[in-house]
Amino acid sequence: MSLLIRKINKAKWFQINVLNDSDVSADAITNCLKTSKNTLSVWNIQEESDLDNAILAIVASQDHLDTIDIVILEHTSLIKYNIKIVASPGDTPINTLIDTHRDLEELTFSKLGIVKDYIVERIRNDKLKRYTVATLKKLLKSAIENGLIKKEDLKETMREKI
């Protein structure tokens, strides 16, 4: 089963408790589902045991090392909702992960609403995961030790943190 990983801000999704309410704050939509050219960036993995790869792809390109939250989406469910998923090169300094990037394409206001509803469903099904700074440091150090990335390929502010 193919899974898609999207970084979100848990606090934005819980401004209104999505576990008990069907509504979502506008901040969750405008901050976590910000599109560019009607696309939304996600990272593809085959199973949850591959989650660290998606996290590395996301974190290695960031300017700062901060706790992150991700939501795990199912590829087949998004297809059922008529969300177009297209492979596109990812913005990550980890060369072996560039091709694991996907875009949710041709999004409209209605389709973005479907994505929002699906994210709420996934949060309710415990598919929201948090990665602390300490965990991210360990992942990055391990990736450097294993030759997945060179420390100098990280932004200076990230290098200083690890």
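Calculation rules
- All residue numbers refer to position in the chain's written sequence, counted from 1.
- For a predicted model such as this one, the threshold for reporting local features is a pLDDT of at least 70, and the threshold for listing and counting side-chain atom pairs is 80 or more; totals across whole chains, interfaces and linings nevertheless cover every residue.
- Water and hydrogen atoms were dropped before computing side-chain values, which therefore reflect all heavy atoms in the structure.
- A run of DSSP states H or I qualifies as a helix once it reaches four residues; a run of E qualifies as a strand once it reaches two. Both are numbered from the N-terminal end.
- In the analysis that follows, any N or O atom pair within 3.5 Å is treated as a polar contact, provided that within protein one partner can donate a hydrogen and the other can accept it, and provided that, for residues neighboring in sequence, both atoms belong to side chains.
- We call two residues in contact whenever any of their non-hydrogen atoms come within 4.5 Å of each other.
- A pair is scored as a salt bridge if a Lys or Arg side-chain nitrogen falls within 4 Å of a carboxyl oxygen belonging to Asp or Glu.
- Residue burial is assigned from relative accessible area. The probe radius is 1.4 Å, only protein chains are included, and a residue is buried under 20% of its type maximum, exposed over 50%, and partly exposed in between.
- Pairing between strands requires that DSSP locate at least two bridges from one strand to the other.
- Note on geometry: axes are lines fitted to C-alpha atoms, helical ones only across the stretch in contact, with angles between N-to-C directions running from 0 to 180 degrees.
- Note on aromatic pairs: the rings of Phe, Tyr and Trp (six-membered ring only in Trp) are paired at centre separations within 6.5 Å, and the planes decide the class, stacked below 30 degrees, edge-to-face beyond 60, tilted for the rest.
- Either the NZ atom of lysine or the CZ atom of arginine qualifies as a charge over a ring when it sits within 6 Å of the ring centre and within 35 degrees of the ring normal.

**Some points on the side chain of Thr 92**
Structurally, Thr 92 is set in the loop between strand E4 (84-87) and strand E5 (101-105). Within polar-contact distance, the side chain of Thr 92 engages the backbone oxygen of Ala 57 at 3.1 Å. Other than its neighbours up to four places away in sequence, Thr 92 contacts Trp 43, Leu 56, Ala 57, Ala 60, Ser 61, Leu 97 and Ile 98.

**Details of the pattern of salt bridges**
When their charged atoms lie close together, side chains carrying opposite charge are able to pair. Here the structure, examined in full by the defined rule, presents six salt bridges. With a shortest N-O distance of 2.5 Å, Glu 48 and Lys 127 are connected by a salt bridge. Remark: Lys 127 occurs in the loop between helix H5 (109-124) and strand E6 (128-131) and Glu 48 occurs in the loop between strand E2 (40-45) and helix H3 (51-59); sequence separation between them is 79 residues. Between Asp 63 and Lys 155 there is a salt bridge, with the nearest N and O atoms lying 3.0 Å from each other. Placement of the pair is Asp 63 in the loop between H3 and strand E3 (68-74) and Lys 155 in the loop between helix H6 (133-145) and helix H7 (156-161), with a sequence separation of 92 residues. Residue classification places Asp 63 among the partly exposed positions, given a relative accessible area of 40%. With a relative accessible area of 37%, Lys 155 lands in the partly exposed category.

**Focus on unusual backbone geometry**
Residue Lys 37 is not a glycine yet carries a positive backbone phi of 55 degrees. Its place among the elements puts Lys 37 in the loop between helix H2 (26-32) and E2. In this structure, Asn 38 is a non-glycine residue whose phi angle is positive, near 60 degrees. With respect to the secondary-structure elements, Asn 38 resides in the loop between H2 and E2.

**Thoughts on the pairing of strand E1 (residues 3-8)**
Of all six residues in E1, five are buried, a share of seventy percent or more. Both E1 and E2 contribute to a ladder of three bridges, which runs antiparallel. Counterpart to Leu 4 in the pairing with E2 is Asn 44.

**Examining H3**
Most of H3 is tucked away, with seven of its nine residues classed as buried. Structurally, H3 contributes buried residues whose contacts are with E1, E2, E3, E6, H6 and H7.

**Structural notes on the side chain of Gln 62**
Residue position: Gln 62 is located in the loop between H3 and E3. Classification of Gln 62 as buried rests on a relative accessible area of 12%.

**A closer look at the sheet that holds E3**
Across the sheet, six strands lie side by side as E4-E5-E2-E1-E3-E6; this open sheet has antiparallel pairing. Looking at which strands have only one partner, the edges of the open sheet turn out to be E4 and E6. Direction aside, neighbouring strands of the sheet carry axes that sit 35 degrees apart on average. Strands E1, E2, E3 and E6 of the sheet are contacted by H3, whose axis makes an angle of about 130 degrees with E3.

**Describing the packing of aromatic side chains**
In the structure shown here, the tally under the stated rule is one aromatic pair. For the cation-ring pair, Lys 10 lies above Phe 14, with the distance from its terminal atom to the ring centre recorded as 5.7 Å.

**Remarks on the environment of Asp 153**
Along the chain, Asp 153 falls in the loop between H6 and H7. Look at Asp 153 and you get partly exposed, because its relative accessible area is 41%. Once the C-alpha coordinates of Asp 153 and Val 59 are considered, the two residues, 94 residues apart in sequence, prove to be 12 Å apart.

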